[in-house]
Amino acid sequence: MLTAGEQAPAFTLPDADGNSVSLSDFRGDKLVIWFFPKAMTSG
């Protein structure tokens, strides 16, 4: 689990169109990353 101010680990995920997007693509920009549990799961 990350704490405030800690850097996020590098990752690459597909966007809505299936294109790869990496965290490093946004280096130098302000970015909000929001993770949430998969629908219909506890937590």
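Before reading on, note that the structure itself is shown above.
Every residue gets a number counted from 1 within its own chain, in the order that chain's sequence is written. With pLDDT at 70 or above as the cut-off, local features in this predicted model cover only qualifying residues; side-chain atom pairs require 80 or more to be listed or tallied, and sums for whole chains, interfaces and linings still use all residues. Processing note: side-chain calculations cover all non-hydrogen atoms of the structure and skip hydrogens and water entirely.

Enquirer: I tried to follow the overall build of the chain on my own but got confused; where do I start?
Expert: Secondary structure counts use DSSP, requiring at least four H or I residues in a row for a helix and at least two E residues in a row for a strand, with both numbered from the N terminus. For the chain, the count of helices and strands is zero helices and two strands. Along the three orthogonal principal directions, the C-alpha set of the chain runs to about 35 × 30 × 15 Å. Burial classification: accessible surface area is computed with a 1.4 Å probe over protein chains only, and a residue below 20% of its type maximum counts as buried, one above 50% as exposed, and the rest as partly exposed. The 43 residues of the chain split such that 5% are buried.

Enquirer: What is the right way to look at the environment of Val21 in this model?
Expert: As for its position among the elements, Val21 is in strand E2 (residues 20-22). According to the relative accessible area criterion, Val21 is partly exposed, its value standing at 25%. Remark: the alpha-carbon pair of Val21 and Glu6, spanning 15 residues in sequence, is separated by 21 Å. Those residues in contact with Val21, other than ones at most four positions away along the chain, are Phe11, Thr12, Leu13, Asp15 and Phe26. Contacts are assigned to residue pairs with any non-hydrogen atoms lying within 4.5 Å of each other.

Enquirer: I would appreciate a short explanation of the side chain of Ser22 in the present structure.
Expert: Of note, Ser22 is situated in strand E2. A polar atom in the side chain of Ser22 sits 2.7 Å from the side chain of Thr12. Setting aside residues up to four positions removed in sequence, Ser22 forms contacts with Phe11 and Thr12. As used in this structure description, the phrase polar contact means that two N or O atoms lie within 3.5 Å; if the pair is within protein, one of them must be able to donate a hydrogen and the other to accept it, and residues adjacent in sequence are counted only when both atoms belong to side chains.

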